[in-house]
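Take a look at the letters that make up each chain.
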Amino acid sequence: MPMDYKQYQEEVTADIAARLAEASCQPILFVGSGFAKRYAKGPNWDELLTQLAEKCPLIDKPYAYYKQANHGDQKKIGTIFSEHYRDWAWTEEGKKDYLPEYYVADAPSDIFIKHTAAEILKDLGPDAKGSYGSAALDEEIAALRKISAHAFITTNYDQLIETLFPGYEVVIGQQIMRRSFLSIGEIFKIHGCRTLPSSIVLDEADYDRFEEDHKYLSAKLLTYFVEHPLLFVGYKAEDPNIKAILYDVHRMVQAKYQLIPNIYILERDETLNADSYPARDRVINIGKDENIRIKSIAASSFKWVYEAFGQAGNLENIDTKLLRSLMARSVELIRSEIPKKKVEIDFKTLEHAVETGETFAKLFGVTTLSDPSKVNLDYKYVLTGVAQELGFRTWHEARKLIKRLKDESGFDMLATDNKYHIALKTGQAAKSRTDKYTDATVDLLRKVMNNEKYTLDDQPVKVERKA
């Protein structure tokens with residue numbers, strides 16, 4: 001039987017269902033400028049710079065000139081435009097367009113162009129009738145909203161995602177790194193947001209700062225990328241933002257030429273017809289002679305793709321704000337291998353209890369966390385990191401040492417939270433967790449590896465939970 005697009009859709013849908021079932025958690029969507037362009041006629045990067053060029057009187061040539069003169073370097077063009085905006089803003093005419101607080105010595109000089117960019121993106125969203133451009137696009141949006149994604153990550157500055165998912169919490173720029181835990185129902189705006197113009201990543205200095213912070217940002221989000229089904233939408237495969245993320249994933253999973261099973265990229269293809277059978281995966285060069293294989297989805301209508309990712313069920317009847325608050329308190333509990341019993345509780349009591357961590361803790365008869373930041377500081381390695389500290393390329397050898405330690409001493413490091421190890425629950429199922437380790441783990445396993453003498457605490461130190 002010849003393969004056709006209907007078969008392609010069925011196979012892709014079945015594959016997504018299998019990944020969702022295996023992960024036992026909601027998908028994460030990574031959203032680019034093509035998303036806003038599709039549903040709100042928003043500008044891509046070139047189009048935004050074009051509009052910025054047209055709005056500043058001191059930019060006296062078309063955007064095409066600057067792109068040609070600067071070899072297409074959009075970050076450099078952003079820097080040039082930013083300087084013109086600053087000079088214009090300090091003229092008598094220019095001062096009519098900006099806020100008084102921008103005219104102080106310690107205000108950033110690029111605030112003027114960022115303010116203008118924020119204004120350009122102010123009204124993106126559905127039209128007066130609540131439509132996103134056509135009946136077909138409205139159906140896509142309806143299917144998208146049923147996905148109930150665990151989180152959104154976006155490089156967009158606009159507020160389109162917030163209008164579609166009003167129950168989600170917006171986390172802007174460096175706020176991500178200051179959070180002691182990541183929860184459910186969040187929109188991570190890693191390049192800033194128009195509601196906070198100073199946060200927007202636009203010129204060379206901004207991108208340099210973003211590159212410096214990238215390793216910390218990746219450390220925060222990498223568990224998401226590895227454990228959750230991840231869908232890129234609104235990006236081309238060649239987009240540098242995608243390549244940066246995939247490079248970090250590649251370094252963690254060390255998958256030489258192997259297909260990464262949980263990462264998909266959705267790309268628009270208007271040439272598809274009933275006889276089409278597009279490629280199911282693609283190889284992306286992520287730099288430094290490294291390639292990665294991820295799953296590819298080609299579609300002219302995105303409705304069926306969104307429906308496929310909605311197979312994990314939805315959270316539309318759950319107050320995500322309350323759920324986030326509950327998760328923020330509940331991760332303070334100590335994990336322990338003790339018998340479990342049911343506790344019946346009135347929901348109103350629970351809702352009141354999550355107002356403070358102390359009240360929530362008392363509800364379950366435990367104490368609250370005294371210093372949650374220490375967990376993230378002390379338990380800084382995933383098993384791959386432990387292995388690399390010991391000189392191995394993959395985590396498997398470190399896991400063998402943990403088993404050897406158990407066989408030799410009877411100490412099962414992974415059975416409890418202790419000074420060497422902590423288990424952080426990351427998915428909706430009990431089996432979905434991330435194990436983190438300390439420097440003490442590295443020292444101990446190095447002694448095991450080298451057949452050196454080692455000592456263990458008689459009773460491992462209990463560790464308060466904080467994701």
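Reading guide: rules and limits
Residues numbered from 1 in each chain as written. Predicted model: local features only at pLDDT ≥ 70, side-chain atom pairs only at ≥ 80, totals over all residues. Heavy atoms only, no water. Helix = DSSP H or I, 4+ residues; strand = E, 2+ residues; numbered from the N terminus. Buried < 20%, exposed > 50% of the residue type's maximum accessible area, 1.4 Å probe, protein only. Pairing = 2+ DSSP bridges. Axes fitted to C-alpha atoms, helices over the stretch in contact; angles between N-to-C directions. Phe/Tyr/Trp six-rings, centres within 6.5 Å; stacked < 30°, edge-to-face > 60°. Polar contact = N/O pair within 3.5 Å; in protein donor to acceptor, adjacent residues only side chain to side chain. Contact = heavy atoms within 4.5 Å. Core = buried A, V, L, I, M, F, W, Y, C linked by side-chain atoms within 4.5 Å. pLDDT = per-residue confidence, 0-100. Salt bridge = Lys/Arg side-chain N within 4 Å of Asp/Glu carboxyl O. Patch = residues over 30% accessible without salt bridge, like charges linked within 9 Å, V, L, I, M, F, W, Y side chains within 5 Å. Areas by Shrake-Rupley, 256 points an atom, 1.4 Å probe, with all protein chains shown as cover. Lys, Arg positive; Asp, Glu negative; His and termini not counted. Charge placed at Lys NZ, Arg CZ, Asp CG, Glu CD. Expected span 1.5 Å × (residues − 1). Bend = angle between axes of the 7 residues up to and from the residue.

**As for the side chain of Thr 384**
By the secondary structure assignment, Thr 384 is in helix H17 (residues 383–389). In this structure Thr 384 comes out as buried when scored by relative accessible area, which is 8%.

**Details of the sheet that holds strand E3 (residues 169–172)**
Strand-to-strand pairing in sheets goes through backbone hydrogen bonds, with the strands running parallel or antiparallel. Read across the open sheet, the eight strands follow the order E3-E4-E2-E1-E5-E6-E8-E7; overall the sheet is mixed. Single-partner strands in this sheet number two, and they are E3 and strand E7 (281–287). Recorded for the sheet is a direction-independent mean angle of 25° between the axes of neighbouring strands. The pairing of strand E2 (residues 151–154) with strand E4 (residues 186–189) spans four bridges and is parallel. Bridging across to E4, Ile 153 finds its partner in Phe 188.

**Quick look at the packing of aromatic side chains**
Per the counting criterion, the structure on display carries 21 aromatic pairs. Residues Tyr 63 and Phe 81 carry aromatic rings whose centres are separated by 6.5 Å and whose planes lie at 70° to one another, so their mutual orientation is edge-to-face. A residue pair is termed long-range when its members are at least 10 positions apart, and Tyr 63 in helix H4 (residues 63–69) and Phe 81 in helix H5 (residues 74–89) qualify at 18 residues. Given a relative accessible area of 8%, Tyr 63 falls into the buried group. A ring pair is formed by Tyr 65 and Tyr 66, whose centres lie 5.2 Å apart and whose planes are at 85°; its orientation type is edge-to-face.

**Here's the deal with the side chain of Asp 435**
Among the structural elements, Asp 435 can be located in strand E10 (residues 433–437). Using a relative accessible area of 15% as the deciding quantity, one classes Asp 435 as buried. Within the structure, Asp 435 has its side chain in polar contact with the side chain of His 421 (distance 2.7 Å). Dropping the residues within four chain positions of it, Asp 435 is found in contact with Tyr 381, Val 382, Leu 383, His 421, Ile 422 and Ala 423.

**Regarding the nonpolar core**
Judged by nonpolar contacts, the single largest core of 68 residues is most densely connected at Phe 35, Leu 52, Phe 81, Ile 297 and Tyr 306. One finds Ala 151, Tyr 235, Ile 292 and Ile 294 within the second-largest nonpolar core, a separate group that totals 30 residues.

**Brief notes about the pairing of strand E5 (residues 230–233)**
Alternating positions in E5 separate into two faces, Leu 230 and Phe 232 on one and Leu 231 and Val 233 on the other, with burial throughout. Sheet analysis places strand E1 (residues 28–31) next to E5, joined by four bridges and oriented parallel. For Ile 28, the partnering residue across the bridge sits in E5 and is Leu 230. With four bridges connecting them, E5 and strand E6 (residues 259–268) associate as parallel partners. Across the sheet, the residue bridging to Leu 231 is Tyr 264, located in E6.

**What about the environment of Lys 114?**
When you line up the elements, Lys 114 lands in helix H6 (residues 111–120). A residue is classified by how much of its surface remains accessible, and Lys 114, at 1% relative accessible area, is buried. The sequence separation of Lys 114 and Ser 82 amounts to 32 residues, and the corresponding C-alpha distance is 8.2 Å. Excluding residues within four positions of it along the chain, Lys 114 makes contact with Pro 197, Ser 198, Ile 200, Leu 202 and Asp 206.

**Some remarks on the confidence of the model for the protein chain**
Detailed reading of the predicted coordinates is not advisable wherever pLDDT is low. Here the protein chain averages 83 in pLDDT, and 79% of its residues register 70 or above. Low pLDDT, under 50, characterises residues 361–370; the predicted model gives this stretch 15 contacts beyond four residues in sequence or across chains.

**So, the pattern of salt bridges**
For the coordinates displayed, the defined rule picks out 26 salt bridges. Note that Glu 93 is salt-bridged to Lys 96, the shortest N-O span being 3.0 Å. The salt bridge partner of Glu 162 is Lys 189, with a shortest N-O separation of 2.8 Å. With Glu 162 in helix H8 (residues 160–164) and Lys 189 in strand E4, the pair connects residues that are 27 residues apart, well separated along the chain. Taking relative accessible area as the criterion, Glu 162 reaches 14% and is therefore assigned buried. The class for Lys 189 is buried, based on a relative accessible area of 1%. One salt-bridge network, held together by shared partners, links Asp 15, Arg 19, Glu 22 and Lys 295.

**Notes on a negative patch on the surface**
Among the surface-exposed residues, Glu 83, Glu 204, Asp 208, Glu 211 and Glu 212 lie close enough to one another that they form a single negatively charged patch. Top element by residues in the negative patch is helix H10 (residues 204–227). It accounts for four residues. Note on placement: Glu 204 falls in helix H10.

**Description of the environment of Ala 149**
In this structure, Ala 149 sits in the loop between helix H7 (135–145) and E2. Spatially, the C-alpha atom of Ala 149 lies 9.8 Å from that of Tyr 168, the residues being 19 residues apart in sequence. In contact with Ala 149, other than residues within four places in its own chain, are Gln 26, Pro 27, Leu 29 and Tyr 168.

**Examining H10**
In a regular helix each residue adds 1.5 Å, so 24 residues correspond to 34 Å; H10 covers 33 Å between its end C-alpha atoms and thus fits that length. Along H10, the helix axis deviates most sharply at Leu 221, where the bend reaches about 50°. Among the residues of H10, Asp 206, Tyr 207, Phe 210, Asp 213, His 214, Leu 217, Ser 218, Leu 221, Leu 222, Tyr 224 and Phe 225 are the ones counted as buried. Its side-chain oxygen 3.3 Å from the backbone nitrogen of Ala 205, Asp 203 forms the N-cap of H10.

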